[in-house]
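Here is what each chain is made of, one letter per residue.
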Amino acid sequence: MAFGKKVRPTVDKDGAALVMRKRDYLADFSGQLGLGLMANLVGQLQYFYTDKVGIAVGSVGVVMVIAKVVDALTDIWFGNIIDHSKGGNMKYYKWMLRMAVPAAVITVMMFTVPIQAGQLPAVAYVLVTNLLITAVIYTMIATPFAATMIVRTRSQQERGNMGILRAVGSYASGMVIAIATIPVTNMLGGTQAAWIKYGAVIALIVLLSLLICYANGSKAMRKAVEDDTAAAEPEEEPVEFLTAVKCLFGNKYWVIVLLFNLITAVSSAIAASSGAYYCKWIFGNDNLVAIAGSVGLLSTFLGFALSNPIIKKLGVKGTINLGLLGYAASCAVRCFVPTNLAAYIGSGLVGSFLQIPLMCLYGVLLAMAVDYNEYKYDKKLVAVSSGAIGFGNKVGGGLGALVLALFLMIGSYDSTLSAATTSMRYAIYAFSNYLPIVLNVGMFLIFRGFDLEEKLPAMRAEVAKRHTQKPEE
């Protein structure tokens, strides 16, 4: 070793082995980026269906919630299948390879709605394609991918780093879709054909991202087996499905994370579509979505750059409380000046900055709840825990789409008008400005019961003690 060369530590402050390299983090980021592009593109569909294809608002809302509920049920089912399957930690990556091409194909098919055949065939097509992309393909990639954070490393430090990069991937994909979708499709003609072309480009990026993640992850898992390193978690005996579900609902921390993901998903689903409606009907130009998103990149970069020090300073619970209450306060500003573009963009900047560190902790919260499973039941229940959290995300996404549709229906939404009616404007204010305040304050109250952070070291010591005693029993 060259003199003066910095020696990389082999363990973290808790004594857990450090196994991740830069290329591992980047590949993991790539997987999240691909999943994020798929999820955020689905978030744009409501606007596409109502304003570009011409499907009735009510029909879109019903279809979206049906797809999300079915999707949520498949998350739990598929998580249990993974836990009962063999193959060690490689089983979490093989689905990414199997589903990569179908994911790219269905990403394009979402936009090829046969509206010329009439409303009923179009609605049926929308339902089938939404079920395929969310309930089948996305689930078969996202559920095992969520579990990989737990099996790749035992280090809370490395899990935290993975959480930050996954949040970057998720947020970056959201920003790309939010900033590019409307201007690019408008530049291509603003027609359904333009959206199909746009979808094809996104599909190619999704395909490459998933393949990069698979190639790195599968190689790392094979090396862990060959070297017998700490990167690989021991394979557990499967737990019967109903017993596993009972255990999860007996874990109050997992329930809190479930509710947290459910409510966050409702808020995210509404936010994904609300910007286009707000800019089109309140400010008179839907291209302003791209401008607001571009300006928001500043707070995004700053937020991610400061996430690690913020989390270290405030801890998990403090960081989440700051994000929830801070975002609620930024929405409150818009309530007083709803037609002010500067206030709309400025409050969005502040709200985004405060929520970014919170986003970095989603995977960490799940990993902590899984660790508590091991402490309480002597079983981690990795995949079914991840799948059931996906249940909360998917149900929340469906509820968000339904809530958005209900607000538009109450406001007598009519996409053919040249200007918004008073009822339309107040409906948009309600789901864009008022509802996020209620949701974020509600999440803050729920999360007050999450006191696992300070208990984790003692829990791990107890689990380690049990493991050392097992051979003697």
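Residues numbered from 1 in each chain as written. Predicted model: local features only at pLDDT ≥ 70, side-chain atom pairs only at ≥ 80, totals over all residues. Heavy atoms only, no water.

Draft legend 1. Main features of the overall build of the chain. The helix and strand inventory of the chain stands at 15 helices and 0 strands. The C-alpha radius of gyration computed for the chain amounts to 22 Å, which stays within 12% of the reference 23 Å derived for 473 residues, consistent with globular compactness. Along the first, second and third principal axes, the C-alpha atoms of the chain reach 75 × 50 × 45 Å. Here the analysis covers contacts within the chain between residues at least 6 apart in sequence; of these, 84% occur between residues at least 24 apart. (Helix = DSSP H or I, 4+ residues; strand = E, 2+ residues; numbered from the N terminus. Rg over C-alpha atoms; globule rule 2.2 N^0.38 Å. Contact = heavy atoms within 4.5 Å.)

Draft legend 2. View of the environment of glutamine 156. Mapped onto the elements, glutamine 156 comes out in helix α6 (residues 156-187). For the pair glutamine 156 and valine 364, spaced 208 residues apart in sequence, the C-alpha separation works out to 7.9 Å.

Draft legend 3. Region of interest: the pattern of salt bridges. Enumeration over the complete set of coordinates arrives at 4 salt bridges. Ionic pairing is found between aspartate 451 and lysine 455, a salt bridge with its closest N-O pair at 3.4 Å. Arginine 466 is the partner of glutamate 462 in a salt bridge, and the nearest nitrogen-oxygen pair spans 3.5 Å. Taken together, the residues span about one helical turn, with glutamate 462 and arginine 466 both in helix α15 (residues 452-469) at a distance of 4 residues. In this structure glutamate 462 comes out as partly exposed when scored by relative accessible area, which is 31%. By relative accessible area, which is 23% here, arginine 466 ends up partly exposed. (Salt bridge = Lys/Arg side-chain N within 4 Å of Asp/Glu carboxyl O. Buried < 20%, exposed > 50% of the residue type's maximum accessible area, 1.4 Å probe, protein only.)

Draft legend 4. Geometry of the packing of aromatic side chains. By the definition in use, this model includes 20 aromatic pairs. Ring geometry for phenylalanine 111 and tryptophan 195: centres 5.9 Å apart, planes at 45°, overall tilted. In this pair, phenylalanine 111 sits in the loop between α4 (91-109) and α5 (119-152) while tryptophan 195 sits in helix α7 (residues 192-227), placing the two residues 84 residues apart along the sequence. With 6.4 Å between their ring centres and 80° between their planes, tyrosine 277 and phenylalanine 431 make a pair best called edge-to-face. Here tyrosine 277, found in helix α9 (residues 252-281), pairs with phenylalanine 431, found in helix α14 (residues 422-447); they are 154 residues apart in sequence, far enough to count as distant. Neither residue differs from the other here; tyrosine 277 and phenylalanine 431 are each classed as buried. (Phe/Tyr/Trp six-rings, centres within 6.5 Å; stacked < 30°, edge-to-face > 60°.)

Draft legend 5. Structural view of the side chain of serine 432. Its location among the elements puts serine 432 in helix α14. Residue serine 432 is classed as buried on the basis of its relative accessible area of 7%. At a separation of 2.9 Å, a polar atom in the side chain of serine 432 contacts the main-chain carbonyl oxygen of isoleucine 428. Those residues in contact with serine 432 that sit more than four places away from it in its chain are Ser274, Tyr278 and Arg334. (Polar contact = N/O pair within 3.5 Å; in protein donor to acceptor, adjacent residues only side chain to side chain.)

Draft legend 6. Highlighting unusual backbone geometry. The backbone phi angle of aspartate 378 is positive, close to 65°, even though this residue is not glycine. Structurally, aspartate 378 can be placed in the loop between α12 (362-377) and α13 (382-410).

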